[in-house]
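# Observations on chain architecture
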Amino acid sequence: MISFILKRLAIAIPTLLVLIVMSFVLMKIAPGSPFTGEKNLPRDVLNNIYARYGLDKPQWQQLLEYVWNIVAHFDFGPSFKYKDRTVNEIIAQGFPVTLTYGFWAFVFAAAIGIGMGVIAAVRQNSWADYLAVGITIGAQVVPNFVLAPILVLIFTLWLHWLPGGGWNDGKWNYIVMPVIALSATYLANIARITRSSMLEVLHSNFIRTARAKGLPGHQVILKHALKPALLPVVSYLGPVFVGMITGSVVVDLYFSTGGIGQWFVNSALNRDYSTILGVTILLGALTIAGNLVVDVLYAWIDPKIRY
Amino acid sequence: MKLRAILGAGAVAFALMGSTAFTVPAVAAQVPDGTKLAADQTFNYRVLDNINSLDPDIVEDVDTSYVVGNLFEGLYNEDAKGNPVPGAAESYDVNKDNTVFTFHLRDAVWSNGDPVKASDFVYSWRRAVDPKTASNYSYFPGLVGVKNADDIVAGKLPPDQLGVKAIDDKTLEVDLNKSVPYFVRATAHATLFPIPQSVVEKFGNDWTKPENIVGNGAYVLAENKPGERVTLKRNHKYWDDAHTVIETLNFLTINDENQGVTRYLSGEVDQTDVPAGQYPQMKQQYPNEAHSVPQLCTYYFTFNMTDKQPVEALKDVRVRQALSLAIDRDVIVNNVLQGGQIPAYFFTPPATADFKAPDLDYAKMSQADRDAKAKQLLADAGYGPDKPVSFTYIYNTSEAHKKIATVVSQMLKEKLGVDMQLQDMEFATLLDKRHQADYEVARDAWCGDYNEASTFEGLMASDSSQNDSHYSNADVDKWLKESATSEDPNQQYLQVEQQVAKDVPIIPIYFYTKVFLQKTNIGGWPYDNVEQVWYGKDLYKTAG
């Protein structure tokens, strides 16, 4: 198992490097620069800015220095747009926010999604099944940029229960709507995958055997059927977890959480080079780590994979 | 000597008499007698984006400059009408030519208790133009004439050669390289604020962090949560703190305009912008809360006037004139935008201080007459149904820009048979294309840097870096040069506007208005300040 993990880690490093180089190239190909604004800047002013941010150097040198600063100092450099902040600070400030609501959204989506999926499968074609399928289809067809305003309309404007936005250091009433808005679609997918996978397992021979030898129904489900049924769910949960803890553009912008999700789009629109790379690398590293965890879990659930 | 009467007729009369001192009363929250104030004096203001940088030498966007304007105070502030009133300075003297300004600082302290000295201004101004600081706004001191500023930015002179010096702790002398009667006005701009030298030197780039920052404004920074909010608290060490009423200022980042309205309606913000097209409905629903006030900005279409421009028809001035005539600005303003905007037939907004709106012929015609003339011009140029004009119009992706583009393309199609293709793109790409002159016709807009017509007219100069059309006319250049020293620059501005209306390098569409919702219990708001500069210290919240 250790060598399995080490092997995966060895692949992760070149993967990240490829990611950095590709992001860098794509970013530089895009027209415009971090310093283009509605007001064109005089040439001298631009030259000073380029010199200050090292943009006057050859591209290959910029790339090398950038990678070196990350490897040697773990320094992603200053933001080109938010000039009294560094990318490290932007991540340090925003990531805990998305980590918080993303974690709760994940727990919520996984718990409710798996629960609904199992019940729907076990009680196939009953009212519980129809209800679960109905809810999941509903949650899936309403994207979060539609769901968020609906939530605000109901909970803020009509019921006056929750504030319409802000974060307030993560007080519970500020987290509720971001969690629901972020988790709805994932919850629906988890429920659907669990249901179909569970149905398949329930129709397999070893379950028939378990039932035939007279085991009580709940034991068949929890002890024998659940573990294999969760296999496809687990492989889905890995990337979902990473996606959730890095937040969502819609949630961050709509609810003004100050989370890191907004930067994935904002930094690209602003051509904020260092921030684009910083958040891309963060997401890339987390995705690689997430997939690794999934692989380990897989190997644990299904011994076939280890060999 | 150029007279732009920015200080009002009285002050100008004094200026004519030679070196004279000016003292005007300062402004603070002016609460009418008998007003019952609210117990909670918190003002929640919606901002569109993240607060960019709290360093006065670096700040570049409007919302951030409101935050900075409450944390720091320049030599002069703006009053409710946009006129200069004493801030960190009590008074000033000026020489006959308006080239040497001497400011007398009042006894005031920084929020850490240190006295505000003339040297803090010198330090800040030099730092603003220092190539090492690399500020976007490093061009500003040069723009308003501070001696040697441009050469320092260009690296030709060291920063200590800037035309500003501290005569003593309380006296600041500014040397200008041209006559700038409106210079006092410019001192309300963040780039010319003071910064505390000892603090900046101690903390370096981290000096604007909430735990380090020290200011001389009416408020101090309590919290800075990018993407969520910035919170300021009243500064009890501020020289005029006795007159401050608002205790807390919250700048809440709300990116979506509609969500801004929702949070306004739920009581979370006291003021927010009205989304495009929703003003009539808001005005009807909340007649006392919906406001529309003039803003110093012009929306226009710009033609690529360089030889790189591929469409032959657009090189014919008659075609450009026809296109300009056929666009019905009233329809755009009244039916599309619906926010009280003003149709534009010339470039400088009529609300600009002391600007006399030019009386242009085509502005006085009826739309039917304009359409007829447009058809005639197009026919004269040899274009018509069998030889239609066809070009591409580029704009940055946004609902309002799209609506305007669509309406205009329909007008041109129906009236002139012109085929205007629309192409939207993200903002950075549009800016790049405009800058590279890689377009045919593009959306453009300009907001004044200061409240004087030259900030607009100057864009028509062939050497202006903001001249996106790359329009070049020797007469226009000459008039603009003359206007700088003219007794009545409106004469030259009229000539420029007439020439521009004739050559049509741009099609002015409308003058902006600021359209917003504001709770009725907010007092002291400067509705008449066309630059929308406001200070928390001038506001108050009434009870009920």
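These lines cover the structure that appears in this document, whether it is placed above or below. (Residues numbered from 1 in each chain as written. Chains lettered and ligands numbered in written order. Predicted model: local features only at pLDDT ≥ 70, side-chain atom pairs only at ≥ 80, totals over all residues. Heavy atoms only, no water.)

Helix and strand content of chain B: 18 helices and 20 strands. A globule of 544 residues ought to have a C-alpha radius of gyration of about 24 Å, and chain B, at 24 Å, matches this closely. In terms of its C-alpha atoms, chain B occupies a principal-axis envelope of roughly 75 × 55 × 40 Å. Approximately 20,400 Å² of chain B is accessible, and the part contributed by carbon and sulfur atoms is 49%. Averaging the coordinates of the 51 positive side-chain charges in chain B and doing the same for the 75 negative ones gives two points 1 Å apart. (Helix = DSSP H or I, 4+ residues; strand = E, 2+ residues; numbered from the N terminus. Rg over C-alpha atoms; globule rule 2.2 N^0.38 Å. Areas by Shrake-Rupley, 256 points an atom, 1.4 Å probe, with all protein chains shown as cover. Lys, Arg positive; Asp, Glu negative; His and termini not counted. Charge placed at Lys NZ, Arg CZ, Asp CG, Glu CD.)

In this section: the overall build of chain A. Across its full length, chain A carries twelve helices and zero strands. The helix and strand sequence of chain A, counted from the amino end, reads α-α-α-α-α-α-α-α-α-α-α-α. Expressed along its principal axes, the backbone C-alpha trace of chain A runs to roughly 85 × 55 × 30 Å. A buried classification covers 47% of the 307 residues belonging to chain A. Pairs at least 24 apart in sequence give 72% of the contacts found in chain A among residues at least 6 apart. (Buried < 20%, exposed > 50% of the residue type's maximum accessible area, 1.4 Å probe, protein only. Contact = heavy atoms within 4.5 Å.)

Among the nonpolar cores identified, the biggest contains 105 residues, and F103, W125, L172, V174, F183 and F251 of chain B are the most heavily contacted of them. Of the residues forming this core, the biggest block, seven residues, is contributed by helix α12 (residues 273-301) of chain A. When residues no more than four places from it in sequence are discounted, the contact partners of V174 of chain B are T99, V100, F101, F103, W125, V146, G163, V164 and F183 of chain B. Counting 51 residues, the second largest nonpolar core, distinct from the first, contains C297, Y362, Y395 and V441 of chain B. (Core = buried A, V, L, I, M, F, W, Y, C linked by side-chain atoms within 4.5 Å.)

What follows deals with the pattern of salt bridges. Across all of its chains, the model carries 32 salt bridges over all chains by this definition. D371 of chain B is the salt-bridge partner of K415 of chain B, the closest N and O atoms lying 3.3 Å from each other. Taken as a pair, K415 of chain B in helix α14 (residues 399-416) and D371 of chain B in helix α13 (residues 367-380) lie far apart in primary sequence, 44 residues in all. D371 of chain B sits in the buried class, given a relative accessible area of 14%. Counted as one network, the salt bridges with shared partners bring together D169 of chain A together with E223, K225, E228 and R229 of chain B. (Salt bridge = Lys/Arg side-chain N within 4 Å of Asp/Glu carboxyl O.)

All names here are of chain B. Counting across every chain of the model gives 48 aromatic pairs over all chains. Ring centres 5.0 Å apart and planes at 90° place the aromatic pair Y300 and F347 in the edge-to-face group. Of the two residues, Y300 is situated in strand β13 (residues 290-303) and F347 in the loop between β14 (342-343) and α12 (361-364); the sequence distance between them amounts to 47 residues. Using a relative accessible area of 3% as the deciding quantity, one classes Y300 as buried. (Phe/Tyr/Trp six-rings, centres within 6.5 Å; stacked < 30°, edge-to-face > 60°.)

Within the fold, S179 of chain B resides in the loop between β8 (171-175) and α6 (183-186). A polar contact is formed between the side chain of S179 of chain B and the backbone oxygen of D97 of chain B, at a distance of 3.1 Å. (Polar contact = N/O pair within 3.5 Å; in protein donor to acceptor, adjacent residues only side chain to side chain.)

Let us now look at the interface of chain B and chain A. Contacts between chain B and chain A engage 58 residues on the former and 42 residues on the latter. Summing the contributions of chain B and of chain A, the shared interface buries around 4,100 Å²; its carbon and sulfur component is 46%. Three residues stand out in chain B for area buried against chain A, namely P226, E228 and Q259 of chain B, and they jointly supply 13% of the buried area on that side. If you look at where chain B meets chain A, you find four salt bridges. Joining chain B to chain A, the criterion identifies 25 residue pairs in polar contact (both at pLDDT 80 or more). Elements with a minimum of two residues in the side of chain B that touches chain A: β9 (219-225), α8 (257-265), α15 (427-435) and β17 (441-447) of chain B. (Buried area = accessible area lost by both parts, 1.4 Å probe.)

Next up on the list: the state of the cysteines. Working definition: the covalent bond between the sulfur atoms of two cysteines is a disulfide. Residues and elements named next belong to chain B. Overall, the coordinates contain one disulfide over all chains when judged by the stated rule. Paired through a disulfide, C297 and C447 show a sulfur-sulfur distance of 2.0 Å. Looking along the S-S bond of the C297-C447 disulfide, the torsion reads about 110°, which is the right-handed sense. Of this pair, C297 sits in strand β13 while C447 sits in strand β17; the two residues are 150 residues apart in sequence, bridging distant segments of the chain. Since its relative accessible area comes to 4%, C297 is described here as buried. (Disulfide = S-S within 2.5 Å.)

Next up on the list: the environment of V179 of chain A. All names here are of chain A. By the secondary structure assignment, V179 is in helix α7 (residues 172-202). On the basis of relative accessible area, V179 is assigned to the buried category, the value being 9%. Once you skip the residues sitting within four places of it in the chain, V179 turns out to touch Y101, W104, A105 and F108.

This part takes up the packing of helix α11 (residues 329-337) of chain B against α14 of chain B. For any two helices packed against each other, one specifies the crossing angle of their axes together with the interaxial distance. Residue and element names in this part refer to chain B. Between α11 and α14, the least distance of the axes is 11 Å, while the angle of their chain directions is 135°. As judged from the angle between their axes, α11 and α14 are oblique. Once α11 is placed against α14, the crossing between them reads as right-handed. Here V331, I332, V336 and L337 of α11 lie close against α14, whose contacting residues are K403, I404, V407, V408 and M411. Across the contact of α11 with α14, the residue classes break down as eight nonpolar, no polar and one charged. (Axes fitted to C-alpha atoms, helices over the stretch in contact; angles between N-to-C directions. Parallel < 35°, antiparallel > 145°, perpendicular 65-115°, else oblique. Left-handed = near helix turned anticlockwise from the far one by under 90°. Nonpolar A, V, L, I, M, F, W, Y, C, P; charged D, E, K, R; others polar.)

Bringing the environment of P194 of chain B into the picture now. Relative to the elements of secondary structure, P194 of chain B occurs in the loop between α6 and α7 (197-203). Those residues in contact with P194 of chain B, other than ones at most four positions away along the chain, are F72, E73, G74, W110, D120, F121, S124 and N216 of chain B.

All right, on to the packing of α7 of chain A against helix α9 (residues 217-245) of chain A then. Residues and elements named next belong to chain A. At a minimum axis separation of 9 Å, α7 and α9 run at an interaxial angle of 150°. One element, α7, and the other, α9, form an angle in the roughly antiparallel class. Here the hand of the crossing between α7 and α9 comes out right-handed. On α9, the residues touching L182, S183, Y186, N189, I190, I193, T194, S197, M198, V201 and L202 of α7 are I221, A225, L226, P228, A229, L230, P232, V233, Y236, L237, V240 and M244. Here the residues of the contact of α7 with α9 sort into 19 nonpolar, four polar and no charged.

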